[in-house]
Amino acid sequence: LDDCTSGTDLGYYICALHWSLTQFTPATQNLHPVSPEERVLSIVVVMIALVTFSTFLARMTSTMSQLLSLHADRHEREAKL
């Protein structure tokens, strides 16, 4: 947390990077919003992460279903031969 209050550009960058990584991973976070604006930003980031992860998971599930269907069709055609 000292890096966040040091006032250097590198310190702010490290603090911002740490905060953003903790929003997307189950990492420790000793940073928290202290103003309403920061709280709104935090909520927006978490919502974007939720939508992004859900979209990724849905696409992976859809792709796997398509692959399984293609495999089953191929297996069925080969069995008819």
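Keep in mind that what you see is a predicted model, and the values were worked out from it rather than measured. (Residues numbered from 1 in each chain as written. Predicted model: local features only at pLDDT ≥ 70, side-chain atom pairs only at ≥ 80, totals over all residues. Heavy atoms only, no water.)

### A look at the nonpolar core
Rule in force here: To define a nonpolar core, start from buried Ala, Val, Leu, Ile, Met, Phe, Trp, Tyr and Cys residues and group those joined through side-chain atoms within 4.5 Å. Only protein chains enter the accessibility calculation, which uses a 1.4 Å probe; a residue is then buried when its area is under 20% of its type maximum, exposed when over 50%, and partly exposed in between. By definition, residues are in contact when any of their heavy atoms lie within 4.5 Å.
Counting residues in each nonpolar core, the largest one holds five residues, listed as Cys4, Cys15, Trp19, Leu31 and Val45. Excluding residues within four positions of it along the chain, Trp19 makes contact with Gln29, Leu31, Leu41, Ser42 and Val45.

### Some thoughts on the environment of Gln29
Note the following rule: Starting at the N terminus, helices and strands are each numbered in turn, a helix being any DSSP run of H or I of at least four residues and a strand any DSSP run of E of at least two.
Positionally, Gln29 belongs in the loop between α2 (9-24) and α3 (36-80). Gln29 sits in the partly exposed class, given a relative accessible area of 36%. For the pair Gln29 and Trp19, spaced ten residues apart in sequence, the C-alpha to C-alpha distance is 7.1 Å.

### Examining the environment of His18
One can find His18 in helix α2. For His18, a relative accessible area of 30% puts it in the partly exposed group. Sequence-wise, His18 and Leu31 are 13 residues apart; in three dimensions their C-alpha atoms are separated by 8.7 Å.

### Description of α3
Just so we agree on the cut-off: In this scheme, a helix's expected span is set at 1.5 Å multiplied by one less than its residue total.
When the terminal C-alpha atoms of α3 are compared, their 66 Å separation across 45 residues agrees well with the 66 Å that a helix rising 1.5 Å per residue should span. Taken as a whole, α3 has its buried residues at Ser42, Val45 and Ala49. Buried residues in α3 make contact with α2.

### Considering the packing of α2 against α3
What counts, and what does not: Where helices are involved, their axes are fitted lines through C-alpha atoms of the stretch in contact, as for all axes, and angles between N-to-C directions lie from 0 to 180°. Throughout this description, any angle smaller than 35 degrees is read as roughly parallel, any larger than 145 degrees as roughly antiparallel, any in the 65 to 115 degree range as roughly perpendicular, and the remainder as oblique. In this scheme the handedness of a crossing depends on how the near helix is turned from the far one: anticlockwise by less than a right angle means left-handed, clockwise means right-handed. All amino acids are sorted into three groups, where Ala, Val, Leu, Ile, Met, Phe, Trp, Tyr, Cys and Pro are nonpolar, Asp, Glu, Lys and Arg are charged, and the leftover types, Gly among them, are polar.
Here α2 crosses α3 at 45 degrees, and the two axes come no closer than 9 Å. By the criterion of interaxial angle, the relationship of α2 to α3 is oblique. Regarding α2 and α3, the two cross each other, and that crossing is right-handed. Residues Trp19, Gln23 and Phe24 of α2 form the contact with α3, whose participating residues are Leu41, Ser42, Val45, Val46 and Ala49. Taken together, the residues of the contact of α2 with α3 break down into six nonpolar, two polar and no charged.

### Overview of the side chain of Thr22
Selection criterion: Polar contacts, as used here, are pairs of N or O atoms within 3.5 Å; protein pairs need one atom able to donate a hydrogen and one able to accept it. Residues neighboring in sequence count only if both atoms are side-chain atoms.
One can find Thr22 in helix α2. Relative accessible area serves as the criterion here: at 8%, Thr22 is assigned to the buried category. Among the polar contacts listed, one links the side chain of Thr22 to the backbone oxygen of Trp19, at a separation of 2.7 Å.

### Some thoughts on the confidence of the model for the protein
The following threshold applies: pLDDT measures the predictor's confidence residue by residue and takes values from 0 up to 100.
The predicted model of the protein averages 82 in pLDDT, with 91% of residues at 70 or higher. Element-level mean pLDDT values for the protein span from 61 in helix α1 (residues 2-5) up to 89 in α3.

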